[in-house]
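# Summary of the model geometry
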Amino acid sequence: MISLKRYLDSARIRLDEPQEDRSQEPYSALLSAYRSALVEIGECGANACPDLASELKRGLARFDEDLGDHPSVSAINLTKEGVRDLLQGWGDKTAIYYQQKAGEVKDLLLVMARAAESLGQKDSLHTQQLDSLTAQLETIAQLQDVTRIRASVDESARQLRSSAARMAAESKAVIDHLRVEVLTYQAKLEKAEYAASCDALTGLGSRLWVEARLQQRIEFGNPFCILMIDVHGFRGVNHEFGNLVGDLIVKEFARELRSSCRFSDLVARWAGDRFLVVIDCKAADATAQIARLQSWICGPYQVPGRSGHVSVRLSTAIGLAEFREGDNLHEILERADVALSTEREQARSRMTA
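Residues numbered from 1 in each chain as written. Predicted model: local features only at pLDDT ≥ 70, side-chain atom pairs only at ≥ 80, totals over all residues. Heavy atoms only, no water.

### As for helix H9 (residues 283-297)
Because an α-helix packs 3.6 residues into every turn, residues spaced three or four apart end up facing the same way. Between its first and last C-alpha, H9 extends 21 Å over 15 residues, near the 21 Å set by a 1.5 Å rise per residue. On the buried face of H9, the contacting elements are strand E1 (225-232), helix H8 (243-260), strand E3 (274-279), strand E4 (299-305) and strand E5 (308-322). Backbone geometry just after H9 places glycine 299 at a positive phi near 135°. (Helix = DSSP H or I, 4+ residues; strand = E, 2+ residues; numbered from the N terminus. Expected span 1.5 Å × (residues − 1). Contact = heavy atoms within 4.5 Å.)

This is the structure we're talking about:
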C-alpha cells in the first residue's frame, strides 16, 4: 500500500510539472512565416509604388496586430480575407495612379511637340527674312557706281545666303530629332496603356478596363447584362500539377471563352478563376446565351505537363445581373456576385442529391 501511494504521488507530481508542447512548434513556425510574408508584401509594394506604399504598410501592420500572439483559426481566416481585399484595393489604386502619371507625361509630350512646331515656324520666318535681305543686297550689288562696294556687297550676300541655309538645315535637324523623340515616347505610352487594359496571362480585358466600360454603359443608360463566371477545378490543377500547368489551363479556357462570345461582347478576367462577360441585351436574351456558353466552355481541357499531357475537366457557375435604371457600378456587380453564389449552391445541391 505504501509503495502504491508513493507511485501515485510521484505520478501526480509529474503531471503537475510543465510539459513541453512540441505540437505547437509547427504552428508557431507557420505563424511566423505568415507574419514575415505580410512584411515582405509591404516591402514589395513600396518598391512597386513608393508614393502609395504607406497605406499598404499601415493596412498590413493592422492585420498583424489583430492576429495577436495566439490567433484562432477563425481570426486567421478573417485576416486572409482582409489581406486579399486590401491588396486588391491597393492594386486598383496603384493602377489608377500610374495611369494618371502616364496622362501627365502625355500632356508634357504634347507641349513639347507644340513647342517644336513653334520653333520650326520661327526658324522658317527668320530664314525668309534673311533671304529677303540677301535679295536686297544682291540688287545693290548690281549697281555700277563703285566696283569695290559691289564686290564687298556681293560677298556679303553670299555669306548671308550661306548662313541662312546653314541655320535652316541645323534647325530642321533639331526639329526632326525632337519629333522622333516625341513619337518614340508616344509609342511607349500607348504600349503602357495597352498593357494596363489587358490581363497579362490571358490577353483578355483587365478588371480596370471592364470596370471603365461598364461605367460608360451605366452613364449612357442602355440595356446590358453582366455574366459573372466562376470556374470549378483551377485550384485543384495548381495543387496537383503545378502553377505552370494551371496557367496553361487558364489560357486555354480564356481562349475558348473569347471564341464563344460575340465580337461586340466585352470579355475580361475578373480575378483568379473568375471571368466577366458584358452583353448588350435584356436578361431574357442573356439567359439564352448562358446555356450556349456553358456547352462551349465546359468540358475537358488538355495541355502539356511535366510527364506528358494533362487532361482536366472544367465546369462553371454563371451569375446573371441585368442593368436597372439608377444602378451604380457596385450595385450591379453585387447582384451578379449574389447570383453566382446562388448558382454555386444550387450546383452543389444537384451533385449531392
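Once you've had a look at it, read on.
### A short note on the pattern of salt bridges
In this structure the tally under the stated criterion is nine salt bridges. When the shortest N-O distance is used, the salt bridge between glutamate 211 and arginine 207 registers 3.6 Å. Separated by four residues within a single helix, glutamate 211 and arginine 207 lie in helix H6 (residues 207-220), roughly one turn from each other. The class for glutamate 211 is buried, based on a relative accessible area of 18%. Arginine 335 is paired through a salt bridge with aspartate 327; the nearest N and O atoms lie 2.7 Å apart. One salt-bridge network, in which partners are shared between bridges, spans Asp230, Arg274, Asp337 and Arg344. (Salt bridge = Lys/Arg side-chain N within 4 Å of Asp/Glu carboxyl O. Buried < 20%, exposed > 50% of the residue type's maximum accessible area, 1.4 Å probe, protein only.)

### Examining the sheet that holds E4
Adjacent strands of a sheet pair through backbone hydrogen bonds, lying either parallel or antiparallel. What the five strands build is an open sheet, ordered E2-E3-E1-E5-E4; its pairing is antiparallel. Two strands bound the open sheet, and with one partner strand each, they are strand E2 (266-271) and E4. The mean inter-strand angle of the sheet, taken between neighbouring strand axes irrespective of direction, is 30°. Both E4 and E5 contribute to a ladder of seven bridges, which runs antiparallel. Counted as the bridge partner of valine 303 is valine 310 from E5. Lying over the sheet, H8 contacts E1, E2, E3, E4 and E5, oriented at roughly 135° with respect to E4. Contacts between H9 and the sheet are confined to E1, E3, E4 and E5, with E5 contributing the most and set at about 175° to the helix. (Pairing = 2+ DSSP bridges. Axes fitted to C-alpha atoms, helices over the stretch in contact; angles between N-to-C directions.)

### With respect to helix H3 (residues 53-67)
Over its 15 residues, H3 extends 22 Å from the first C-alpha to the last, a length consistent with the 21 Å expected when each residue adds 1.5 Å. Every buried residue belonging to H3 is among Ala53, Leu56, Gly59, Leu60, Phe63 and Leu67, and all of these are buried. Burial along H3 is one-sided: seen end-on, the buried residues are contained in an arc of 135°. Set apart from the buried face of H3 by more than 90 degrees, the exposed residues are Arg58, Glu65 and Asp66. Positioned one or two residues after H3, glycine 68 has a phi angle of 70°, which is positive. (Arc of directions from axis to C-beta.)

Such coordinate-based values are descriptive only and should not be taken to indicate function.
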